[in-house]
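These are the residues of each chain, in order.
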Amino acid sequence: MQRIVAPSMLSADFGHLERDTRMIDASAAEWIHIDVMDGVFVPNISFGFPVLKSIRRASSKFLDVHLMIVEPERYITRFAEAGADMITFHLEATERVGECIALARKAGVKVGLSVRPATPVAELERWLPEVDMVLIMSVEPGFGGQSFMPIAVDKVRELRAMADQVHPSLIIEVDGGISASNAALLFDAGAEVLVAGSSVFGAEDPQVEIVKMLEAR
Ligand code: DX5
Ligand code: ZN
């Protein structure tokens, strides 16, 4: 299986957003992870369309937008227009999962579905054939820099087994508290994309840190 690292721009220096985006653009990371928070679904507010557009201008990487907002159906089209390549929304954030998937398809972007640490992967089952990716949260969404919750490893294994039956090419992404020290465990469990905010941007050399994660054994 492929290994991809997606640095989270939430941990970038917003005073030097273009510089940090270009630094990641020149790294071995194939994706860039973009955390949108509304202060309602999660107790924090991050950024929206103008920041995504600025990142889009400074990068040719695959832009992986993680919506931590209620009623994502209201904004999916606009995030696609602002430059997203993948839009992931939370199962817990909407009654209209099917509509969200359809909106993303209509806008021509890939679509992911995410679950909080306490939401069982069984609740994702009926949607697995319809989405490109599932994002397993390994921290409570809302903030960077939290400690990894090991329950995520079992959820990845369970989800990989479920997906192998109904959608073998489903991508599994994990987000929260990930560094070179736990990357191998997650890749081995069946994850293909690992998000990393503080471990990458807090490293002495973020580009070296990304390679360490990709090569973790
Ligand atoms: C948390 C966000 C994460 C966050 C990860 O709600 O979804 O993407 O930026 O940050 P670290 O890697 O520091 O846990
Ligand atoms: Zn995220």
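**Q** I'd like a description of unusual backbone geometry, backed by residues and values.
**A** Look at Glu71: it is not a glycine, yet its phi comes out positive at around 50°. With respect to the element layout, Glu71 can be found in the loop between strand S3 (62–68) and helix H3 (76–81).

**Q** Describe the packing of aromatic side chains, and please don't skip the residues or the numbers.
**A** Counted by the stated rule, this structure contains 4 aromatic pairs. The interplanar angle of 55° and the centroid separation of 5.7 Å between the aromatic rings of Phe14 and Phe47 together place this pair among those described as tilted. Placement of the pair is Phe14 in the loop between strand S1 (4–7) and helix H1 (17–25) and Phe47 in the loop between strand S2 (31–37) and helix H2 (49–58), with a sequence separation of 33 residues. A residue is classified by how much of its surface remains accessible, and Phe47, at 11% relative accessible area, is buried. Summarising the aromatic geometry, the rings of Phe49 and Tyr75 are spaced 6.3 Å apart at their centres and angled 45° between planes, so their arrangement reads as tilted. Here Tyr75 lies in the loop between S3 and H3 and Phe49 lies in helix H2, a separation of 26 residues in the sequence. The class for Tyr75 is partly exposed, based on a relative accessible area of 26%. Of the aromatic side chains, those joined through ring pairs into one cluster are Phe49, Tyr75 and Phe79.

**Q** Would you mind going over the side chain of Lys155 in detail, with residue names and values included?
**A** Here Lys155 lies in helix H5 (residues 151–166). Although buried, Lys155 forms no salt bridge, and the nearest oppositely charged side chain, Glu92, lies 6.8 Å from it. Separated by 2.8 Å, the side chain of Lys155 and the backbone oxygen of Thr119 make a polar contact. Beyond its immediate stretch of four places on either side in the chain, Lys155 contacts Val115, Arg116, Pro117, Ala118, Thr119, Val121 and Ile136.

**Q** So what about the layout of surface pockets? Which residues, and what values?
**A** A water-sized probe rolled over the atoms picks out the places where empty space is left. The volume enclosed by the largest pocket comes to roughly 220 Å³. Put simply, the parts of the chain that give the lining of the largest pocket at least two residues each are S2, S3, strand S8 (193–196) and helix H7 (198–201). A per-class count over the lining of the largest pocket returns 10 nonpolar, 12 polar and 3 charged. Here the second largest pocket is characterised by a volume of approximately 150 Å³. Forming the boundary of the second largest pocket are Val36, Met37, Asp38, Phe47, Gly48, Phe49, Ile69, Val70, Arg74, Tyr75 and Phe79. Counted by class, the lining of the second largest pocket contains 8 nonpolar, 1 polar and 2 charged residues.

Basis of the calculations
- Residues numbered from 1 in each chain as written.
- Chains lettered and ligands numbered in written order.
- Predicted model: local features only at pLDDT ≥ 70, side-chain atom pairs only at ≥ 80, totals over all residues.
- Heavy atoms only, no water.
- Helix = DSSP H or I, 4+ residues; strand = E, 2+ residues; numbered from the N terminus.
- Phe/Tyr/Trp six-rings, centres within 6.5 Å; stacked < 30°, edge-to-face > 60°.
- Buried < 20%, exposed > 50% of the residue type's maximum accessible area, 1.4 Å probe, protein only.
- Lys, Arg positive; Asp, Glu negative; His and termini not counted.
- Salt bridge = Lys/Arg side-chain N within 4 Å of Asp/Glu carboxyl O.
- Polar contact = N/O pair within 3.5 Å; in protein donor to acceptor, adjacent residues only side chain to side chain.
- Contact = heavy atoms within 4.5 Å.
- 1 Å grid on protein atoms, 1.4 Å probe; cavity = no way out; pocket = protein on both sides within 12 Å on 5 of 7 lines; lining within 4 Å.
- Points joined across faces, edges and corners; volume = space filled by probe spheres on them.
- Nonpolar A, V, L, I, M, F, W, Y, C, P; charged D, E, K, R; others polar.

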